[in-house]
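# Fold and contact review
Here's the letter readout for the chains.
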Amino acid sequence: NNMDDQDNLTSVLYGVRDLRLEQRPIPKPGYNEVLLKIQRVGICGSDVHYLVHGSIGNYVVNEPMIIGHEASGIVVKLGEGVTNLSIGDRVAIEPGVSCRMCTFCKNGKYNLCLDMKFCATPPIDGNLTRYYVHAADFCYKLPRHMTLEDGAMLEPLSVGVHACKRGGVTVGSSVLILGAGPIGLVTLATAKAMGASKIFITDLTDYRLNVAKKMGAFKVIQINKGESDEQAIENMRFELNNELPDVTIDCSGFQQTMKMGIELTKSGGVLMIVGMGASKNVELPLFNALAREVDIKGVFRYANDYQDALSLISSGKVNLSPLITHHYTIEESLEAFKTAETGVGNPIKVMIHVD
Ligand code: NAD
Ligand code: ZN
């Protein structure tokens, strides 16, 4: 193998706006772990948030932390007890390793595990590094015809899969997606693959809506930034032609979008809230939801969704290549983050090549 060079260039976040490239020792895989040569790492909004603010909620970068959690890699060394993988396997890395022992884990809701170790959520290191060790049972072997970019994209795609499953999206559903960022777009692709008949999607920016249109949205609707919530909701009623969706999936998570989600979902339908854009308490027309039995559900990452996300891509039902707009090398980490942060060049998913 090609480990002789000992080069383990790593992208480490030291604090607010302090991302450094440095050499780290190559880690050793322990029991049930594999050493991976990382190939692709997508940048997520949360990575950018840690860089710009140094924290998300109660998670604070107090010590240097390796950034990145949307990754694929190649197995280069097996730890003791690993039977599901072989050296040379190309894998997608599910970044959250749960305890596998608690009641949440045992009930299959391991995303709620209190002992979760999630890449690039402080104090846990991420995987924007050349060599990285991960639990073998959280690595998914990619079939030959899937790309390493596909492998990295399984992370956001799993969020869309989780949201659509929890929302009950099925054959013939009409779905409204609020926000056409990476998460809104993977949700669009998933809902379509699950048989939704009509998918409406909104955003503030037209370039993201153009991609949504190409990916098969029934109708894309641009929201005007200056509009009052009431005006925006009224316009949406008109755009929907008063045919309210069975399922609304909020992939931006602001007060306006959550309000919209309540008011515009069909009576008896479901509002999924995936977006976490609002950092403060929000004011919502809850009575409207209660009186019309609109169920409001949250989404926290994913659980048991990686394999389904993989199947969606390997079967050709989902193609996420239109989302990958920018490519950088790990040496260009700072430029990559700058593009993701500023939006200059109309990025959707920024992909870092580590190989
Ligand atoms: P993003 O910021 O790239 O996308 C959000 C999109 O919403 C943007 O394109 C923006 O233009 C659009 N938007 C803003 N205000 C809007 C409005 N009023 N109406 C319609 N669209 C509007 O982020 P992303 O990576 O796509 O993630 C989306 C959200 O999901 C983020 O808040 C992120 O933190 C959250 N997220 C949650 C989970 C989870 O487990 N629940 C996982 C991943 C991401
Ligand atoms: Zn657990």
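Refer to the structure printed above.
We now turn to the structure provided with this report.

Rules behind the numbers
- Residues numbered from 1 in each chain as written.
- Chains lettered and ligands numbered in written order.
- Predicted model: local features only at pLDDT ≥ 70, side-chain atom pairs only at ≥ 80, totals over all residues.
- Pairing = 2+ DSSP bridges.
- Helix = DSSP H or I, 4+ residues; strand = E, 2+ residues; numbered from the N terminus.
- Axes fitted to C-alpha atoms, helices over the stretch in contact; angles between N-to-C directions.
- Contact = placed C-beta atoms within 7 Å.
- Near = placed C-beta within 6 Å.

Turning next to the sheet that holds strand S13 (residues 174-178). Note on sheets: strands pair through backbone hydrogen bonds, and any given pair is parallel or antiparallel. Strands sit in the order S15-S14-S13-S16-S17-S18 across an open sheet of six strands; the sheet is parallel. Each edge of the sheet is formed by a strand with only one pairing partner; in this case those strands are strand S15 (219-222) and strand S18 (295-298). With strand direction ignored, the average angle separating the axes of adjacent strands in the sheet is 15°. Across four bridges, the pairing between S13 and strand S16 (residues 247-250) is parallel. Residue pairing in the sheet places Ile 177 in a bridge with Ile 249 of S16. On the sheet, helix H4 (residues 182-193) packs against S13, strand S14 (198-203) and S16 and is oriented at approximately 175° with respect to S14. Along the sheet face, helix H7 (residues 255-264) touches S13, S16 and strand S17 (270-273) and points at about 180° away from the line of S16.

This paragraph deals with the site of ligand 1. The immediate surroundings of ligand 1 are formed by 28 residues, with Gly 179, Gly 181, Ile 183, Ser 252 and Gly 275 found nearest. Among the elements of the structure, H4, S14 and H7 are those that each provide at least two residues to the shell around ligand 1. It is H4 that provides the largest number of residues to the shell around ligand 1, a total of three residues.

Ordered by their spatial adjacency, three strands build an open sheet running S2-S1-S6, and the pairing between neighbours is antiparallel. Either end of the sheet is taken by a strand with one partner, and the two such strands are strand S2 (18-23) and strand S6 (65-66). Examined bridge by bridge, strand S1 (residues 9-15) and S2 share six bridges and lie antiparallel to one another. Looking at S2, one finds that Thr 10 is bridged to Glu 22.

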